[in-house]
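Residue-level listing of the chains:
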Amino acid sequence: MFLNFKTKERGAGVSQPLRLHRSKLWTKSFVFLCVCVIILGLISLFTGAYDIVGQDDGLQMFFITRVPRTLSLMLTGAAMSMTGLVMQLITQNRLVEPTSTGTIEWAGLGLLMVYVVFPAPSLVLRMGGAILFSFVGTMIFFLFLRRVRLRSSLIVPIVGMMLGAVISAFSTFIGLAFQMTQSIEGWFVGSFANVQMGRYETLWIILAVVIFVYVYADRLTLVGLGEDIATNLGVNYNTVILLGVATISLVVGVVSAVIGNLPFLGLIVPNIVSLARGDDLRSNLPWVCLLGMGIITACDIISRTLIMPFEVPVSLILGTFGSFVFIVLILKQRRNR
Amino acid sequence: MKKFKLSKLVLIALSLMMMLTACGNQNDANNSNGGQGSTVDITDVHGVVSVPINPKRVVALDNRTFETLSDWKIELKAAPKDVMPSDSTYVLDESVQNIGNHREPNLEIIAAVNPDLVIVGQRFASYYDQIKELVPNAAVVDFSFDVSKDAATPGKNLVNGLKDSTIALGKIFSKELEANKLVSDFDDAIESVNKAYNGTDTVMGVIVSGGNIGYAAPGSGRVWGPMFEIFNWKPALDVDNSTSDHQGDDISVEAIAQSNPQWVFVLDRDAATSDASQAVPAQDVINNAPALQNIDAIKANHVVYAPKDTYTNESIQTYLELFNNLAKALAE
């Protein structure tokens, strides 16, 4: 018992090596990451099927499609990886993110229901449906976790994926009944191909969420230590969980209504960051946001150039890359034991 | 709501009457069939099939035949209602049993209605052998034709496929005059599109679904592809190895703008499956896209939408309407 305690303490020390330098955000590696993301952003601005230098209306097109696309990449990249981080904290599980807890499937069901109820629904309606359903879905997942008290890290995402599978089976049934499977399929493949001026602005909501999470970061970190410790430290556990879930569903709803399904981003980015830096949410947040932006922008650039002048959906690239990292993470976790 | 109920009642009454008359007719048919061998030889993709003339118990699975059959007031015993236009008389008729969609069809219904004739084609082509096994006593004709990338002449296949199946249906249901009229109208429509197209304008076919724009490869695939061959259209963008499935490649608005087509032809896939009274989402996706405002097709209002139910109908009548629309637009 004593030995165990000791190793644990040492382990904790190792996983938080930068704690003392917390105030120092602008380290060499962070600046390097910033530069990388800026370069990726510039490449993204100058990648595309339209010849913006040669054509007369090139500059116009630049602002109609390139700037919105790059901005929406940055916003969704930051948002999806951040929701992953928040979710991992409040479930105290590293392998959790919206795609492995059924949240995305619930959002899809919400969209489908909106399509069933309203003919040709507006973006606001679609978003509303997706947000509402992902909130309900994530709450159900949480209630389930609380009841069952499964603490094995692998069981939690498995339960989430099972719930997600049930929901997506239900969606398929609804889709079949109302003859909408193919529209929904097309929608579910996340792609930035149609992002242009006037079609992406809703994503700015994400910025508010980022700020909120940053302000709320310390409380979320405490919740990440478990209900007992958090309550002892004067945090209202349930309120914070509720707010966390609301944040997650807001982001997932907005992103899935505007872009579609972006798998694995929320899983891999926070894990890579916390492997390198430990688990302090506040100082990790800028890292998570930046890395998320960088990865999704890189994936989108690949998706745009692979079969020029057509595109592969970015979710395909992201899924391939993400599942690879996911497997590496699982294997690494096993080796540590 | 009340109105709806009333119409439903009328429908049920109608279908009941139809069922009664159907029973009566069947007896007659059995009697007359005993006397002479009234069959006709139909050539389909698998060879020659001997089909009874004016069969009473018909199951149709080929979307390209439904409109012709309903125009001729042919009674069906079963049909895949899930992949049919929602305003089809067969979908509304409750005496027609629903086989479901082509992904998870309830093929047992086909056996249960004990058909004289099963018309297979297009979406259900892959079930041909299974259906033959299920109904060994029925005539099974397969009106599929190849418009895929493997086909050498997808355009010719489409035209001949539609014409041949119409003529064959005319022979089976003793509607040869009507069938010949349809085919000659169809030929006229093709001719008028050919005349109206100036031979130099560049054309792009797109398939819009769920707010995404898919690029229809010139040459093969659903609806637009084969037409490049039929009418000798000049593609605005021709790329090797583009997929030619029913969805098309994911194409960005930028790529469309860059290729600057003089004509954009749009198939709205969702319009076919949603209520016809709804707004057309594809119109918003194409006509109102900020990035497409400067292309020639939008500036000259050279955007033609396929009839709303094209995706689930695709009958010779649909193509007739589409070709006439195209001819009118191209002539302007």
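What counts, and at which threshold
Residues numbered from 1 in each chain as written. Chains lettered and ligands numbered in written order. Predicted model: local features only at pLDDT ≥ 70, side-chain atom pairs only at ≥ 80, totals over all residues. Heavy atoms only, no water. Helix = DSSP H or I, 4+ residues; strand = E, 2+ residues; numbered from the N terminus. Buried < 20%, exposed > 50% of the residue type's maximum accessible area, 1.4 Å probe, protein only. Areas by Shrake-Rupley, 256 points an atom, 1.4 Å probe, with all protein chains shown as cover. Pairing = 2+ DSSP bridges. Contact = heavy atoms within 4.5 Å. Buried area = accessible area lost by both parts, 1.4 Å probe. Salt bridge = Lys/Arg side-chain N within 4 Å of Asp/Glu carboxyl O. Polar contact = N/O pair within 3.5 Å; in protein donor to acceptor, adjacent residues only side chain to side chain. Nonpolar A, V, L, I, M, F, W, Y, C, P; charged D, E, K, R; others polar. Domains from an automatic or database assignment. Expected span 1.5 Å × (residues − 1). Bend = angle between axes of the 7 residues up to and from the residue. Patch = residues over 30% accessible without salt bridge, like charges linked within 9 Å, V, L, I, M, F, W, Y side chains within 5 Å. pLDDT = per-residue confidence, 0-100.

Right, let's talk about the overall build of chain A for a bit. In terms of regular secondary structure, chain A is built from 14 helices and one strand. When the 337 residues of chain A are sorted by exposure, 53% land in the buried category. Working note: accessible area of chain A is about 15,800 Å², and carbon and sulfur atoms make up 70% of it.

Along a regular strand, successive side chains alternate from one face of the sheet to the other. Residues and elements named next belong to chain B. Of all five residues in strand 9 (residues 212-216), five are buried; the element is thus mostly enclosed. Side-chain alternation along strand 9 places Asn 212, Gly 214 and Ala 216 on one buried face and Ile 213 and Tyr 215 on a second face that is also buried. Sheet topology places strand 8 (residues 202-209) next to strand 9; five bridges connect them, and they run antiparallel. Pairing of Val 206 across the sheet is with Tyr 215, part of strand 9. Across two bridges, strand 9 lies against strand 11 (residues 249-251) in antiparallel orientation. If you follow Tyr 215 over to strand 11, its bridge partner there is Asp 249.

Between chain A and chain B, the contact holds 31 residues from the first and 39 residues from the second. A combined buried area of about 2,900 Å² lies between chain A and chain B, and 46% of that area is made up of carbon and sulfur atoms. Here chain A is connected to chain B by one salt bridge. Residues Glu 254 of chain B and Arg 66 of chain A are paired through a salt bridge, measuring 2.6 Å at the closest nitrogen-oxygen approach. Taken together, the links from chain A to chain B amount to six residue pairs in polar contact (both at pLDDT 80 or more). Where the side of chain A that touches chain B is concerned, the elements lending two or more residues are helix 3 (58-91), helix 7 (181-188) and strand 1 (310-311) of chain A. Examining the composition of the side of chain A that touches chain B, we find that six residues originate from one element, helix 3 of chain A, more than from any other. In terms of residue class, the side of chain A that touches chain B is built from 13 nonpolar, 11 polar and seven charged.

Inspection of the secondary structure puts Leu 132 of chain A in helix 5 (residues 123-148). Here the alpha-carbon distance between Leu 132 of chain A and Ile 229 of chain A, two residues 97 residues apart in the chain, equals 31 Å.

Residues and elements named next belong to chain B. Turning to its location among the elements, Ala 79 is positioned in strand 4 (residues 78-79). By relative accessible area, which is 0% here, Ala 79 ends up buried. Remark: the alpha-carbon pair of Ala 79 and Asn 63, spanning 16 residues in sequence, is separated by 9.4 Å. Leave out the neighbours within four places in its chain, and Ala 79 touches Ala 60, Phe 66, Met 84, Val 96, Gln 97, Asn 98 and Ile 99.

Bringing the side chain of Asn 93 of chain A into the picture now. Residue and element names in this part refer to chain A. Position of Asn 93 relative to the elements: it lies in the loop between helix 3 and helix 4 (103-117). Accessibility expressed as a relative area gives 4% for Asn 93, which makes it buried. A polar contact of 2.7 Å, which involves the side chain of Asn 93, links it to the backbone nitrogen of Leu 95. Aside from chain neighbours lying at most four places away, what touches Asn 93 is Gln 88, Ser 152, Ser 153, Val 156 and Pro 157.

The next point concerns the domain arrangement of chain B. Residue and element names in this part refer to chain B. Splitting chain B by domain gives domain 1 (39-144) and domain 2 (183-331). Centre-to-centre, using C-alpha coordinates, domain 1 lies 29 Å away from domain 2. Of the roughly 930 Å² buried between domain 1 and domain 2, counting both surfaces, carbon and sulfur atoms make up 33%. At the junction of domain 1 with domain 2, the criterion picks out one salt bridge. With its nearest N and O atoms 3.4 Å apart, the salt bridge here joins Arg 64 to Glu 314. Summed over the shared surface of domain 1 and domain 2, the number is eight residue pairs in polar contact (both at pLDDT 80 or more). Here the side of domain 1 that touches domain 2 is composed, by residue class, of three nonpolar, three polar and four charged.

Looking now at helix 3 of chain A. Given 3.6 residues per turn, any residue in an α-helix points the same way as the ones three and four places further on. All names here are of chain A. With 34 residues, helix 3 should reach 50 Å at 1.5 Å per residue; the first-to-last C-alpha distance of 48 Å fits that figure. The largest bend in helix 3 is about 30 degrees, located at Arg 66, with the proline Pro 68 one to four residues further on. Gln 92 sits one or two positions beyond helix 3 and adopts a positive phi of about 50 degrees.

Residue and element names in this part refer to chain A. A cluster of nonpolar side chains, contributed by Trp 26, Val 31, Val 35, Ile 39 and Ile 43, occupies part of the molecular surface with about 470 Å² of accessible area. Checked against the element boundaries, Trp 26 lands in the loop between helix 1 (2-15) and helix 2 (28-45). In this structure Trp 26 comes out as exposed when scored by relative accessible area, which is 59%.

Here we take up the confidence of the model for chain B. All names here are of chain B. Looking at chain B, the pLDDT average stands at 81 and 82% of residues meet or exceed 70. Mean pLDDT across the elements of chain B bottoms out in helix 1 (residues 2-35) (51) and peaks in strand 3 (residues 58-60) (93). Here residues 22-36 is modelled with pLDDT under 50, and outside its nearest four sequence neighbours on either side it reaches seven contacts, counting other chains as well. We note a pTM of 0.77 for the whole complex and an ipTM of 0.74 for its interfaces.

Residues and elements named next belong to chain B. Counting buried residues along strand 12 (residues 263-268), six of its six residues qualify, which places the element largely inside the surrounding structure. Summarising the sheet, strand 8 and strand 12 pair through six bridges and their orientation is parallel. Opposite Ile 207, over in strand 12, you have Leu 267 as the bridge partner. Taken together, the three bridges between strand 12 and strand 13 (residues 303-305) define a ladder with parallel strand orientation. The partner of Val 266 across the bridge, within strand 13, is Tyr 305.

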